[in-house]
Amino acid sequence: MPTYKATAYIRLSYTDDRSSESDSVANQRKLIENFVERNPDIEVVSYKVDDGYSGIIFDRPAFKEMMQDVTNGEINCVIVKDLSRLGREYIETGRYLRRVFPAYGVRFIAITDNIDTAQESSGDDLTVSVKNIMNEAYCRDISVKTRTSLDVKRRNRDFVGAFTVYGYIKSEDNKNLLVPDPYASRVVQNIFQMRLEGSSALRIANELNRLGILSPLAYKKNHGLPYAKKGYADREDCKWSATTIIRMLQDETYTGTLVQGKQGTSNYKIKQMEQKPESEWIRIPDAHEPLITKQDFD
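Thresholds, definitions, all that
Residues numbered from 1 in each chain as written. Predicted model: local features only at pLDDT ≥ 70, side-chain atom pairs only at ≥ 80, totals over all residues. Heavy atoms only, no water. Helix = DSSP H or I, 4+ residues; strand = E, 2+ residues; numbered from the N terminus. Buried < 20%, exposed > 50% of the residue type's maximum accessible area, 1.4 Å probe, protein only. Contact = heavy atoms within 4.5 Å. Areas by Shrake-Rupley, 256 points an atom, 1.4 Å probe, with all protein chains shown as cover. Axes fitted to C-alpha atoms, helices over the stretch in contact; angles between N-to-C directions. Parallel < 35°, antiparallel > 145°, perpendicular 65-115°, else oblique. Left-handed = near helix turned anticlockwise from the far one by under 90°. Nonpolar A, V, L, I, M, F, W, Y, C, P; charged D, E, K, R; others polar. Pairing = 2+ DSSP bridges. Salt bridge = Lys/Arg side-chain N within 4 Å of Asp/Glu carboxyl O. Core = buried A, V, L, I, M, F, W, Y, C linked by side-chain atoms within 4.5 Å.

Engineer: Go over the overall build of the protein with me, naming the residues and quoting the values.
Structural biologist: Scanning the protein for helices and strands turns up ten helices and eleven strands. Considering the protein as a whole, with its 298 residues, one finds that 42% of them fall into the buried category. A separation threshold of at least 6 residues defines the contact pool for the protein, and within that pool the share at least 24 residues apart is 67%. Surface accessibility of the protein: about 16700 Å² in total, with carbon and sulfur atoms responsible for 49%.

Engineer: I'd love a proper account of the packing of helix α6 (residues 184-196) against helix α7 (residues 201-210), names of residues and values included.
Structural biologist: Between α6 and α7, the least distance of the axes is 10 Å, while the angle of their chain directions is 135°. Taken as axis vectors, α6 and α7 run oblique relative to one another. Seen along the crossing, α6 lies across α7 with a hand that is right-handed. Every residue of α7 that contacts α6 at Ile191, Met194 and Arg195 is listed here: Ile204, Glu207 and Leu208. Its residues assigned to classes, the contact of α6 with α7 comprises four nonpolar, no polar and two charged.

Engineer: Before we move on, could you go through the environment of Val160 and cite the residues and values that matter?
Structural biologist: For Val160, the location among the structural elements is in the loop between α5 (125-155) and β6 (168-170). In this structure the C-alpha to C-alpha distance between Val160 and Gly261, which are 101 residues apart in sequence, comes to 9.6 Å.

Engineer: Residues and numbers for the pairing of strand β4 (residues 107-110), please.
Structural biologist: Because side chains alternate across β4, one face comprises the buried residues Arg107 and Ile109, and the other comprises Phe108 and Ala110, equally buried. The sheet contact formed by strand β3 (residues 77-80) and β4 spans four bridges and is parallel. When the sheet's bridge partners are listed, Cys77 is paired in β4 with Arg107. Sheet topology note: the β4/strand β5 (residues 115-116) ladder contains two bridges and is antiparallel. Following the sheet pairing, Ile109 is matched in β5 by Asp116. Where β4 folds back on β5, the antiparallel hairpin that results is connected by four residues, among which Asn114 adopts a positive phi of roughly 55°.

Engineer: Account for the environment of Lys170, with residues named and values stated.
Structural biologist: Topologically, Lys170 is positioned in strand β6. Exposure remark for Lys170: the relative accessible area of 29% places this residue in the partly exposed category. Distance from Lys170 to Phe159, taken between C-alpha atoms, is 8.7 Å for residues eleven residues apart in sequence. Not counting the four nearest positions on each side in its chain, Lys170 is found in contact with Phe159, Gly161, Ala162, Thr164, Lys175, Leu177 and Val179.

Engineer: Describe the pattern of salt bridges, and please don't skip the residues or the numbers.
Structural biologist: Under the defined criterion, the tally for this structure stands at 14 salt bridges. Of the charged contacts in the structure, one is a salt bridge between Asp69 and Lys48, with a shortest N-O distance of 3.8 Å. With Asp69 in helix α2 (residues 61-71) and Lys48 in strand β2 (residues 42-51), the pair connects residues that are 21 residues apart, well separated along the chain. Like Asp69, the residue Lys48 is buried in the burial classification. Between Asp59 and Lys64 there is a salt bridge; the shortest N-O distance is 2.9 Å. Residues participating in the shared-partner salt-bridge network are Asp41, Arg107 and Asp116.

Engineer: Describe in detail the sheet that holds strand β1 (residues 4-12), supporting the description with residues and values.
Structural biologist: The strands making up a sheet are joined through hydrogen bonds of the backbone, oriented either antiparallel or parallel. Strand order in the open sheet formed by five strands is β2-β1-β3-β4-β5, with mixed pairing between adjacent strands. A single partner strand is all that each edge strand has here, and the edge strands are β2 and β5. Strands in contact with helix α1 (residues 25-37) are β1, β2, β3 and β4; relative to β1, the strand with the most contacts, it is inclined by about 160°.

Engineer: How would you explain the side chain of Gln28 if you had to name every residue and give the values?
Structural biologist: Relative to the assigned elements, Gln28 resides in helix α1. Relative accessible area serves as the criterion here: at 0%, Gln28 is assigned to the buried category. With residues up to four places along the chain from it excluded, the contact list for Gln28 reads Ile10, Arg11, Asp23, Lys81 and Arg85.

Engineer: Let's hear about the nonpolar core: which residues, and what values?
Structural biologist: Of all hydrophobic cores here, the largest spans 29 residues; its most connected members are Tyr166, Ile191, Leu208, Trp240, Ile245 and Tyr254. Of the residues forming this core, the biggest block, six residues, is contributed by α6. When residues no more than four places from it in sequence are discounted, the contact partners of Ile191 are Ile204, Leu208, Trp240, Ile245, Met248 and Leu249. Counting residues in each nonpolar core, the second largest holds 20 residues, with Phe58, Ala62, Val70 and Val78 among its members.

Engineer: Let's hear about the packing of α6 against helix α9 (residues 242-249): which residues, and what values?
Structural biologist: Where α6 contacts α9, the axes come no closer than 11 Å and their chain directions differ by 95°. Judged by the angle between their axes, α6 and α9 are roughly perpendicular. Contacts between α6 and α9 involve Val188, Ile191, Phe192 and Arg195 from the former and Ile245, Met248 and Leu249 from the latter. Grouping the amino acids of the contact of α6 with α9 by side-chain chemistry returns six nonpolar, no polar and one charged.

Read these as geometric descriptors, not functional statements.
Okay, here's the thing in structure tokens:
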């Protein structure tokens, strides 16, 4: 009769080398299954998988489910491939190992790191601390490299955003180049023309709604295009609004200028994006075909 009811916890982040089998979900699962076969006192009662989540944060859905099982007394053992799968943040990972798991009587096993809290001789405190620090350093290094790479691309006139501004789409030949959307670009030009002729933002919005022209959000939804949940401020009914018009009239992208790097994080451990001062934005003129002349935009 098994003494331990275990959860096999598996994590794979977007920064992991997905061409490598060593950290794949399938490999982690197989490694844990082989380990359990050699240890009949352990029974795996659940698998929890966080695919696409960084180890620097612990707000992961499968991890939270596992901890709820721990709290409810449904499991008393956690098995991972290695310590970095549990987490890459030194302080928080250490808190789970030294406080949380012991408080609930949970046995923790990191197979390839030879850590098993049921064995006093394995995974001494200094070794675990060093591994935690190395894991966090790795995460910091990846973050710096990613930021640097994106910054270089922005300065090389490459569009690196996930969502294009209304009026443009990504080129089929070069995903880092914006090209005019045949339909939406004409709508943008008409909006600027109406403004040049003296129409207010509200009047323009009302006219577009009267003509049955889809707003940016509705247009992207209707055409299966990726869109930001917090893009141009469409109304809840997906109609054009004065706010949407004003934001479009102030967007330099329509002059052919690529403006990127408006947001960022102050620390690699913080995922909440913050608005950067305008002086830090990266502006590249003539990066793509303009829809509006600079004179008309001004």
